[in-house]
Amino acid sequence: MAEDDTTAIDVIVVGGGNAGFSAVHAAAERGRRVLLLERGEQNEAGGNSFYTAGATRVPHDGLDDLRPLVQPDDRHDRSIVPPYSIDDFRADLVKVTEGGNDPDLTEVLVHEARPTVEWLASLGLKYRLMYERQAYDRPDGSYLFWGGLHIGNVGGGEGLIADHTRVALAEGAEIRYGQHVVDLVTGDAGEVVGVRLADGTELYAQTVVIASGGFEASPTLREAEMGAGWQNAKVRGTPFNTGELLEAGLRLGAARGGDWTTCHSVQWDAFTAQNESNRELTNRLTRQSYPLGILVNREGARFLDEGADFRNYTYAKYGREILAQPGSVAWQIFDETLRPMLRTEEYDMPGISVETADTLELLAEKIGIPVEPFTRTVTEFNESIDRSVAFDPTVKDGRRAAVQPPKSNWASPLETGPFYAFGVTCGITFTFGGLKTDTHGRVLREDGTEIPGLFACGEALGGLFSKNYPGGSGLTAGMVFGRRAGQLA
């Protein structure tokens, strides 16, 4: 077996996404000698974090409280950013996970989110207000932010990883690309002393931090853990999160943490070529203006409440609803009135999956669904809308369509041609199950004892999310628990 003498290394971090880099920074600050092993080559690196929009959920007291944290923008003086408290964050986690969130991990997350972002900003990561994703411009020229998710990285996920990499190298950390870690190496007492690569090379350190994601890129594990059909989901992010180190941890006796049966999954462009792990289009293959229109399946029927809540609280669970539809596809339907309100970065790219027609009948024919059921669905929807309530996408306006399933907010009649149909399928982002840890990321056995020398963070840490999650809390959790792991590693 090949060996690589890395006795000078204190900490090995496996995985070069947001969580892994946060662990690197925290360990380097303590003077630890850190080696980051990234499975992708340099032009494939960044894990799932590269594919995100960079949205980061943090508590704050409003715009003036955020100004020192975000880049200047001449729109700030025309913007309303409602405060978002620690209690709001906690309540959102409990609500969307239906109580499936670990309370101890939750308390750490909601209290340390803001100081951790401040820490990263002090190191040189850059943040901004997310106008194009989390606010609507109003007729008077002002902007109203909504949904508790207000800041993100400059340059999105690509900017996030570029900033992290620059900072890590300045700290003196070593980054090695193209390193496929497949197992953990243990000492005589069962402590973790290093990692094994696919070519048999072993690398040694005092501590190993698993930051290599979940098992979302493994069709076999998806089907085994989440059920039939999940092997057909499209992988939104990195193709490298295939779960080897989760399995390695389980072989050492680590306990499972969190919900292994559910995941973050979204509405994803169904028919565009190269609609998996696309590093050029990344997050822009999502279709997240669905609360404005309606969704229909191949039978021309609606099947969920598009306006149940702000997008930030429903988008990560609606992918699985589409996976369950015939052929695992659906269409978002809008008319000419709604079309200008759709997110430009997601709906105005060349080559995306969209069909347009002047009538609903022609639209149904173009997308290959039965005309009569489809037009009946739209007619019944239009006629059921309470038009006495004003349409306002910046608040939960209560403008309801009294059909089954109902549309609870933002019901707008589809009656002005041309009409638009955007084909969507299920895009999987990350799995919610991981290794069980304490609140510092130390990996635990079933009996609650820790496996010495082993930490987990990011998507490899299970317990925070189940069924759903509040938008932007994945990156926040990665940085909070990555930092915590690095502070002890």
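Residues numbered from 1 in each chain as written. Predicted model: local features only at pLDDT ≥ 70, side-chain atom pairs only at ≥ 80, totals over all residues. Heavy atoms only, no water.

Undergrad: For this particular structure, what's the right way to read the overall build of the protein?
TA: From N to C terminus, the protein includes 13 helices and 24 strands. Rg of the C-alpha trace for the protein: 23 Å, near the compact-globule value of 23 Å for 489 residues, within the 12% margin. Structurally, the protein occupies a C-alpha span of about 70 × 50 × 40 Å along its principal axes. By sequence separation, contacts in the protein at least 24 residues apart represent 74% of the contacts at least 6 residues apart. (Helix = DSSP H or I, 4+ residues; strand = E, 2+ residues; numbered from the N terminus. Rg over C-alpha atoms; globule rule 2.2 N^0.38 Å. Contact = heavy atoms within 4.5 Å.)

Undergrad: Sorry if this is basic, but what is going on with the side chain of Thr 437 here?
TA: Its place among the elements puts Thr 437 in the loop between strand E22 (434–435) and strand E23 (442–444). Excluding residues within four positions of it along the chain, Thr 437 makes contact with Leu 105, Arg 442, Val 443, Leu 444, Ala 456 and Leu 461.

Undergrad: I keep staring at the UniProt feature "domain: FAD-dependent oxidoreductase 2 FAD-binding" (unreviewed entry) in the protein and nothing clicks. Help me out?
TA: With numbering aligned to this structure, UniProt lists the feature "domain: FAD-dependent oxidoreductase 2 FAD-binding" (unreviewed entry) at residues 10–473. Helix makes up 26% of residues 10–473 and strand 21%, and the two end C-alpha atoms of the span are 30 Å apart. (UniProt positions renumbered as here; feature names shortened; annotations may be inferred.)

Undergrad: What should I look at first to understand unusual backbone geometry in this one?
TA: Each neighbour pair has its own omega, and for Gln 404 with Pro 405 the value is -10 degrees, a cis peptide bond. Note on placement: Pro 405 falls in the loop between helix H12 (371–384) and strand E21 (419–431). In this structure, Pro 418 follows Gly 417 across a cis peptide bond, with omega equal to 0 degrees. In this structure, Pro 418 sits in the loop between H12 and E21. Positive phi outside glycine occurs at Gln 274, with the angle close to 55 degrees. On the secondary structure map, Gln 274 appears in the loop between strand E17 (263–269) and strand E18 (294–296).

Undergrad: What am I meant to see in helix H7 (residues 219–226) here?
TA: An α-helical turn contains 3.6 residues, so any two residues separated by three or four positions project in the same direction. Of the residues making up H7, those classed as buried are Leu 221, Arg 222 and Met 226. Taken around the axis of H7, the buried residues stretch over an arc of 105 degrees, which confines them to a single face. In H7, the exposed positions angled more than 90 degrees off the buried face are occupied by Thr 220 and Ala 224. Lining the buried residues of H7 we find strand E15 (234–235), helix H8 (244–251), E17 and E21. Just downstream of H7, Gly 227 is the residue with a positive phi angle, here 115 degrees. (Buried < 20%, exposed > 50% of the residue type's maximum accessible area, 1.4 Å probe, protein only. Arc of directions from axis to C-beta.)

Undergrad: It is not clear to me how the packing of aromatic side chains should be interpreted in this structure. Could you clarify?
TA: A ring pair, where both rings are aromatic, is described by two values, the distance of the centres and the angle of the planes. A complete count under the given rule lists 19 aromatic pairs for this structure. Both rings, one in Tyr 84 and one in Phe 89, keep their centres 6.0 Å apart while their planes meet at 45 degrees; by these two values the pair is tilted. With respect to burial, Tyr 84 and Phe 89 carry one shared label: buried. Geometrically, the ring pair formed by Phe 334 and Tyr 347 is edge-to-face, given 6.0 Å between the ring centres and 90 degrees between the ring planes. Separated by 13 residues along the polypeptide, Phe 334 in strand E19 (residues 330–334) and Tyr 347 in helix H10 (residues 344–347) bring together distant segments of the chain. A relative accessible area of 0% means that Phe 334 is categorised as buried. Following the ring pairs from residue to residue traces out a cluster consisting of Tyr 315, Phe 430, Phe 432, Phe 465 and Tyr 469. The positively charged end of Arg 75 is found above the aromatic ring belonging to Tyr 143, 5.9 Å away from the centroid. Seen from the ring of Tyr 315, Arg 311 lies directly overhead, with NZ or CZ sitting 4.3 Å from the centre. (Phe/Tyr/Trp six-rings, centres within 6.5 Å; stacked < 30°, edge-to-face > 60°. Lys NZ or Arg CZ within 6 Å of the ring centre and 35° of its normal.)

Undergrad: How should I be thinking about the domain arrangement of the protein in this particular structure?
TA: Many structure descriptions define interface size as the accessible area lost when the parts assemble. The domain architecture assigned to the protein consists of domain 1 (11–213 + 432–488) and domain 2 (264–427). Across the boundary between the two partners, domain 1 contributes 29 residues, which contact 25 residues of domain 2. Both faces combined, the contact of domain 1 with domain 2 buries some 2,100 Å², and carbon together with sulfur accounts for 49% of it. Considering only the surface of domain 1 that becomes buried against domain 2, Tyr 51, Arg 133 and Tyr 136 emerge as the three largest contributors, covering 31% of it. Taken together, the links from domain 1 to domain 2 amount to 3 salt bridges. The salt bridge partner of Glu 345 is Arg 133, with a shortest N-O separation of 2.2 Å. Counting the contacts that link domain 1 with domain 2 gives 19 residue pairs in polar contact (both at pLDDT 80 or more). (Domains from an automatic or database assignment. Buried area = accessible area lost by both parts, 1.4 Å probe. Salt bridge = Lys/Arg side-chain N within 4 Å of Asp/Glu carboxyl O. Polar contact = N/O pair within 3.5 Å; in protein donor to acceptor, adjacent residues only side chain to side chain.)

Undergrad: Would you take a moment to explain the pattern of salt bridges for this structure?
TA: Two side chains with opposite charge may pair up if their charged atoms get near one another. Going through the model one piece at a time under the given rule, you end up with 30 salt bridges. Note that Asp 163 and Arg 166 form a salt bridge whose closest N and O atoms lie 3.0 Å from each other. Residue Asp 163 and its partner Arg 166 are located together in helix H6 (residues 156–171), separated by 3 residues, close to a single helical turn. Given the relative accessible area of 5%, Asp 163 is considered buried. Residue classification places Arg 166 among the partly exposed positions, given a relative accessible area of 41%. Residue Asp 269 is joined to Arg 287 by a salt bridge in which the shortest nitrogen-to-oxygen separation is 2.7 Å.

Undergrad: Help me understand the sheet that holds strand E6 (residues 127–129) in this model?
TA: Pairing between sheet strands relies on hydrogen bonds along the backbone, with the strands arranged either parallel or antiparallel. Spatially, E4-E9-E6 is the arrangement adopted by the 3 strands of the open sheet, whose pairing is antiparallel. The sheet is open, and its two edges are formed by strand E4 (55–56) and E6, each paired on a single side. Both E6 and strand E9 (residues 151–153) contribute to a ladder of 3 bridges, which runs antiparallel. Each bridged residue has a counterpart across the sheet, and for Arg 128 the counterpart in E9 is Gly 152. (Pairing = 2+ DSSP bridges.)

Undergrad: Please clarify how the side chain of Ser 79 should be interpreted in this entry.
TA: Checked against the element boundaries, Ser 79 lands in strand E5 (residues 79–80). A relative accessible area of 11% means that Ser 79 is categorised as buried. In this structure the side chain of Ser 79 is engaged in a polar contact, spanning 2.6 Å, whose partner is the backbone oxygen of Arg 75. Separated by 2.7 Å, the side chains of Ser 79 and Tyr 131 make a polar contact.

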